[in-house]
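Observations on the three-dimensional arrangement
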Amino acid sequence: MTLRYRFLVLWVACLAFFAFPWIAPMAVAADGEWKVGLARAAITPDQFMWMAGYASRDRPADGKLTDLWAKAMALQDADGERAVLVTLDVIGVSREMSAAIAETLKQRHGLERRQLALCTSHTHSGPVVYRNLSPLHELVVDPQQRQRIEEYTATLQNKILQIIDKALADLKPAQLSWASGTATFAVNRRNNPAGQVPQLRAEGKLCGPFDHDVPVLAVRNASGKLQAVVFGYACHATTLDLFQWCGDYPGYAQIELEQAHPDCQAMFWAGCGADQNPLPRRTVELAMDYGRQLAAAVDGVLSNPMQPVAARLATDFRDVDLPFAGLPTREQVEEAAQSTNRYEAARAKLLLSQMADDRPLSTTYPFPVQVWRLGDDVQFIVLGGEVVVDFALRLKAELRGPRTWVAGYANDVMAYIASRRVLEEGGYEGIGAMVYYGLPAGWALESEDLIVDEAKRQAAP
């Protein structure tokens, strides 16, 4: 290459960078090249069945507002390291389902458990998934509904495997970039009475911790066209409590983005929003409005310069033995089995089945902690359970701030995951909700440190 030609190439590159800043993420070469594959499938039930999330529901779904989706994104870095992200418009998945999917992927594609992340939106307007919130659903519904739950879950598992297969077969050169936006409709429900939220917001008096960050990962092809956008937000998907299938605000946000960007696959993961609600709520109009607000935050990020992500991927995964604060005796469980509270009785019967043949209850639960490191920037920390906001705030403060993304509701949604502060305060997130998940007791106070320490170990370069 002649000196004159080299100068010309450099001059054109500089001109593109300064004259057209919105294409800067595409103009900066990474170390090698990403490859990305995408696939999706509708997972709306084909028959009306029990809905997940609310104990007050007394009948199956009877209509549909939006379809529900499973979406997969396969990543491959410059060295051939792969990972697959799946986002699901369901309330949660069980450890058993995640393990079965991971084992099949190992056989089919040679993927290890660390290379698969299953993230859910936690919509309360979707179907029951087998072995998730068992005392709330499966143990109290009639046999016909229980059969539908099991059949739907088997179908869901197969669809997830199918879209992963398709995404891995669809790997194409791509460029990744990231940035973070803001959405403000999430409110700490432990500290702000729902009926007072509009006034408190107007007066600037909302209190309690929150996380209004909207992390965004953009995937563009070689010509700069947006192929996919992955984004998160820390807030319960509980705007609606109807009897119609709906993705709630995360579903509407994905619809908005896909309409604004044709041929783009929008994928939502839920952050640490276990103690955060969209407030006010309970109308379709509000769910749609929150979806528009979230989509606007994502679009605001996409329309400004974003930081390119070098084509390097590192993945890790480990179960942490999370200790319970204490276990009930057999006598206490047997007494609870006779309770007039059907959920207490359902949990007790579940625990008694675990105690059959004089087996003791486990003193710990295998809690999944997963970290993906993308390039030199993004640390994607993926946690199981319904995680309160304290975890995200702490991990961001102790790691890389907005470059640290913390998802909850992933891989295994087994219970609320309360921080030490929330455990000491008690309440629904601290102890009350454990009955609906079928776990025997609340978490020990040291559980927060165990989770955070493991996440930080994995996130270290």
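Summary of the structure given here. What you see is a predicted model; the values in this text were computed from it and never measured. (Residues numbered from 1 in each chain as written. Predicted model: local features only at pLDDT ≥ 70, side-chain atom pairs only at ≥ 80, totals over all residues. Heavy atoms only, no water.)

**Here we look at the overall build of the chain**
Counted only if it meets this: Helix and strand assignments come from DSSP, with helices taken as H or I runs of at least 4 residues and strands as E runs of at least 2, each series counted from the N terminus. Think of it in three bands: residues with accessible area under 20% of the maximum for their type are buried, residues over 50% are exposed, and the middle band is partly exposed, with areas taken using a 1.4 Å probe on protein chains only. In what follows, residue pairs with any heavy atoms lying within 4.5 Å of each other are defined as contacts. For accessible areas, the Shrake-Rupley method is used with a probe of radius 1.4 Å. Any residue's cover is judged against the shown protein chains and nothing else. His is not counted here, nor are the chain ends, while Lys and Arg score as positive and Asp and Glu score as negative. Taken as the charge location is NZ of Lys, CZ of Arg, CG of Asp or CD of Glu.
Helix and strand content of the chain: 14 helices and 19 strands. In terms of principal-axis extent, the alpha carbons of the chain reach across some 85 × 55 × 45 Å. Counting only residues that meet the buried cut, the chain has 55% of its 461 residues in that class. Contacts in the chain between residues at least 24 apart in sequence constitute 80% of all its contacts with a sequence separation of at least 6. Just so you have it, the chain exposes about 18700 Å², and 52% of that area is on carbon and sulfur atoms. Counting 45 positive and 54 negative side-chain charges, the chain places the averaged centre of each group 4 Å from the other.

**A short note on the nonpolar core**
What counts, and what does not: Nonpolar cores were defined as sets of buried Ala, Val, Leu, Ile, Met, Phe, Trp, Tyr and Cys residues, with membership established by side-chain atoms within 4.5 Å.
Grouped together as the largest cluster of nonpolar side chains are 108 residues, with contacts concentrated most on Ile164, Tyr233, Leu294 and Trp443. The element contributing the most residues to this core is helix H4 (residues 143-169), with nine residues. Setting aside its immediate chain neighbours within four residues, Ile164 contacts Ala72, Val84, Val86, Ile101, Leu105 and Leu116. One finds Trp178, Val230, Ala407 and Ala410 within the second-largest nonpolar core, a separate group that totals 29 residues.

**Some remarks on the pattern of salt bridges**
Selection criterion: Any Lys or Arg side-chain nitrogen located within 4 Å of an Asp or Glu carboxyl oxygen qualifies as a salt bridge.
Inspection of the entire model under this criterion finds 30 salt bridges. We note a salt bridge from Glu81 to Arg114, for which the minimum N-O separation is 2.8 Å. With a gap of 33 residues between them, Glu81 in the loop between strand S3 (69-76) and strand S4 (82-88) and Arg114 in the loop between helix H3 (95-109) and strand S5 (116-120) connect regions that are remote in the sequence. In this structure, the salt-bridge partner of Arg421 is Asp390, at a minimum N-O distance of 2.9 Å.

**Here we look at H4**
Condition: The span expected for a helix works out to 1.5 Å for each residue beyond the first. We call two N or O atoms a polar contact when they sit within 3.5 Å, provided that within protein one can donate a hydrogen and the other can accept it, with sequence-adjacent residues counted only if both atoms are side-chain atoms.
Look at H4: 39 Å from first C-alpha to last across 27 residues, which is about the 39 Å you get at 1.5 Å a residue. Among the residues of H4, Gln145, Arg148, Ile149, Tyr152, Thr153, Leu156, Ile160, Leu161, Ile163, Ile164, Ala167 and Leu168 are the ones counted as buried. Structurally, H4 contributes buried residues whose contacts are with strand S1 (34-42), S3, S4, H3 and S5. Backbone nitrogen of Gln144 and a side-chain oxygen of the N-cap are separated by 3.1 Å at the start of H4; the cap is Asp142.

**A short note on the environment of Asn304**
Here Asn304 lies in the loop between helix H7 (284-302) and strand S13 (307-309). For Asn304, a relative accessible area of 44% translates into the label partly exposed. Along the chain, Asn304 and Ala179 lie 125 residues apart, while their C-alpha atoms are 9.0 Å from each other.

**A closer look at the environment of Asp62**
Looking at the secondary structure, you find Asp62 in the loop between S1 and strand S2 (63-64). Residues Asp62 and Trp50, twelve residues apart in the sequence, show an inter-C-alpha distance of 9.6 Å. Dropping the residues within four chain positions of it, Asp62 is found in contact with Phe48, Phe243 and Gln244.

**Some words on the packing of helix H6 (residues 248-260) against H7**
Using the following cut-off: To get an axis, a line is fitted to the C-alpha atoms, and for a helix only the part in contact is used. The angle between two axes follows their N-to-C directions and goes from 0 to 180 degrees. For this classification, under 35 degrees means roughly parallel, over 145 means roughly antiparallel, 65 to 115 means roughly perpendicular, and everything else is oblique. When the near helix sits turned anticlockwise from the far one by under a right angle, the crossing is termed left-handed; a clockwise turn instead gives a right-handed crossing.
Close contact between H6 and H7 brings their axes to 7 Å; oriented N to C, the two are set at 50°. On the basis of their axis angle, the class for H6 and H7 is oblique. Judged by the sense of rotation from one axis to the other, the crossing of H6 with H7 is right-handed. The segment H6 lies against H7, with Asp248, Tyr249, Tyr252, Ala253, Glu256, Leu257 and Ala260 engaging Val284, Ala287, Met288, Tyr290, Gly291, Arg292, Leu294, Ala295, Val298 and Asp299.

**Section: the packing of aromatic side chains**
As a reminder of what qualifies: Each Phe, Tyr or Trp ring (for Trp, its six-membered ring) is paired with any other whose centre lies within 6.5 Å, and the angle between the two planes then decides the class: stacked below 30 degrees, edge-to-face above 60, tilted in between.
Overall, the coordinates contain 15 aromatic pairs when judged by the stated rule. Note on Trp269 and Trp405: the rings are 6.4 Å apart at their centroids and 25° apart in plane angle, and the pair reads as stacked. With a gap of 136 residues between them, Trp269 in strand S11 (residues 265-270) and Trp405 in strand S18 (residues 404-407) connect regions that are remote in the sequence. A single burial state applies to Trp269 and to Trp405, both of which are buried.

**Describing H3**
Keep this limit in mind: Taken from the helix axis, the directions to the C-beta atoms give the arc we talk about.
Taking 1.5 Å of rise per residue, the 15 residues of H3 would be expected to cover 21 Å, and the 21 Å separating its terminal C-alpha atoms lies within 8% of that figure. Of the positions making up H3, those classed as buried are Met97, Ser98, Ile101, Ala102, Thr104 and Leu105. With its buried residues spanning 165° around the axis, H3 presents them on a single face. If you follow the buried residues of H3, they end up packed against S5 and H4. A positive phi of about 70° marks Gly110, the residue just after H3.

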